[in-house]
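Single-letter residue listing:
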Amino acid sequence: MDIAAGPSEVMSVTGGVADLTTRVLESALDGAAAQHRVAANNIANVETPGYTAKRVRFEEQLRIALRAEQGGEPGGPVERLRPEIASTGDAAGPDGNNVSVEAEMTELGEAALRYRTLTRMLSRRLQMVGTAIGDGRGA
Amino acid sequence: MSMFGSVRVSGSALRAGRTRMDVIAENIANVETTRTADGGPWRRREVVLRSRQVSDSPAGVQCAGVRVAAVQSDDAPLVRVYNPGHPDADAEGYVQMPNVDLPTEMADMVLAARAYEANAAALRSGREMLQTALSILA
């Protein structure tokens, strides 16, 4: 590593393991996993009388939490964020069940794709830190 | 916890779907059964599905899928068929036949098979996500 890079720069790079970007990615991964889980649960109950489909509300909350974030300190709004569940409110059929397999499959695909994207971003992020640690020779 | 949850949820549905398919197959197999171990003709049986609690506790979103709450008999009246040559015919020549309706069973079977497919696809998707998560380390 270049001698000119003082202790402060080194700190900022290694501190990157838990910086705001990483925490946002982790939080979004949690949200995507919850979205997938809830969609899978809806599909599991496609034939259960009286079951009402659920949705994870997350993205909007993440946006709000990001806006409320100040300085990106650990334990901030993003880190405290938890996905919440709400009903879809779709009209139910004669047996009181309102699950639409088409909608749930779309939801599943979307969640899986988002999860994959976020994983790749997080992986790159960690690789960058690894590169810094490995004296620029790669992770 | 979190990621395995999705796979387990789909697994519970596959298990319930299998039971449902077994019960439908049993009904179809016994569509002409006039004498069972309990005496009397076969009565149609039906699976009762119940959803398990979904919650968003501070520990994260919890889902537990579906379960078979009961397999219960259908109370619909048995069918009386005139067949004097039948060994179980009564004095007037009528036989009590099971209350199984083949078209209903067939429709249920298609629904059960499609639901099973959807859950298998969900399980596949969950498994792929799990593999993706492991790739963070790669």
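What you see is a predicted model; the values in this text were computed from it and never measured. (Residues numbered from 1 in each chain as written. Chains lettered and ligands numbered in written order. Predicted model: local features only at pLDDT ≥ 70, side-chain atom pairs only at ≥ 80, totals over all residues.)

1. Quick notes on the overall build of chain B
- The helix and strand tally for chain B stands at two helices and six strands.
- Whereas a compact globule of 138 residues would reach a radius of gyration of roughly 14 Å, chain B reaches 22 Å, over 25% beyond that.
- Projected onto the principal axes, the alpha-carbon positions of chain B cover approximately 75 × 25 × 20 Å.
- Out of the 138 residues belonging to chain B, those deemed buried represent 26%.
- Taking all contacts inside chain B whose residues are at least 6 apart in sequence as the whole, residues at least 24 apart take part in 64%. (Helix = DSSP H or I, 4+ residues; strand = E, 2+ residues; numbered from the N terminus. Rg over C-alpha atoms; globule rule 2.2 N^0.38 Å. Buried ≥ 20, exposed ≤ 12 C-beta atoms within 10 Å, placed from the backbone. Contact = placed C-beta atoms within 7 Å.)

2. Remarks on the overall build of chain A
- A count of helical and extended segments in chain A gives five helices and two strands.
- Along chain A, helices and strands appear, N-terminal first, in the series α-α-β-α-α-β-α.
- By residue count, 29% of the 139 residues in chain A fall in the buried class.
- Here the analysis covers contacts within chain A between residues at least 6 apart in sequence; of these, 76% occur between residues at least 24 apart.

3. Here's the deal with the environment of Ala122 of chain B
- For Ala122 of chain B, the location among the structural elements is in helix 2 (residues 102-134).
- Those residues in contact with Ala122 of chain B, other than ones at most four positions away along the chain, are Ala40, Ile43 and Leu108 of chain A together with Ser10 of chain B.

4. Digging into the interface of chain B and chain A
- In this complex, chain B contributes 32 residues to the contact, which on the side of chain A involves 30 residues.
- Counting only elements with at least two residues in the side of chain B that touches chain A, the list comes to helix 1 (2-29), strand 1 (45-51), strand 3 (60-62) and helix 2 of chain B.
- Ranked by the residues each element gives to the side of chain B that touches chain A, the list is headed by helix 2 of chain B, at eleven residues.
- In terms of residue class, the side of chain B that touches chain A is built from 16 nonpolar, 13 polar and three charged. (Nonpolar A, V, L, I, M, F, W, Y, C, P; charged D, E, K, R; others polar.)

5. Quick notes on the confidence of the model for chain A
- On average, chain A scores 80 in pLDDT, and the residues at 70 or more come to 82%.
- When the criterion is pLDDT under 50, residues 1-17 of chain A qualifies, and its contacts beyond four places in sequence or with other chains add up to eight contacts. (pLDDT = per-residue confidence, 0-100.)

6. So, helix 5 (residues 101-133) of chain A
- Given a rise of 1.5 Å per residue, 33 residues ought to cover 48 Å, and the 47 Å separating the end C-alpha atoms of helix 5 of chain A matches this to within 8%.
- For helix 5 of chain A, the full list of buried residues reads Glu104, Glu107, Leu108, Ala111, Ala112, Tyr115, Leu118 and Thr119 of chain A.
- Against the buried residues of helix 5 of chain A lie helix 2 (20-44) of chain A together with helix 2 of chain B. (Expected span 1.5 Å × (residues − 1).)

7. A look at the nonpolar core
- With 42 residues, the main nonpolar core has Ala32, Ala40, Ile43 and Tyr115 of chain A as its most contacted residues.
- Secondary structure elements with two or more residues in this core: helix 2 and helix 5 of chain A together with helix 1, strand 1 and helix 2 of chain B.
- The leading source of residues in this core is helix 2 of chain A, at eleven residues.
- For Ala32 of chain A, the contacting residues outside a window of four places in its chain are Ala111, Arg114, Tyr115 and Leu118 of chain A. (Core = buried A, V, L, I, M, F, W, Y, C linked by C-beta atoms within 7 Å.)

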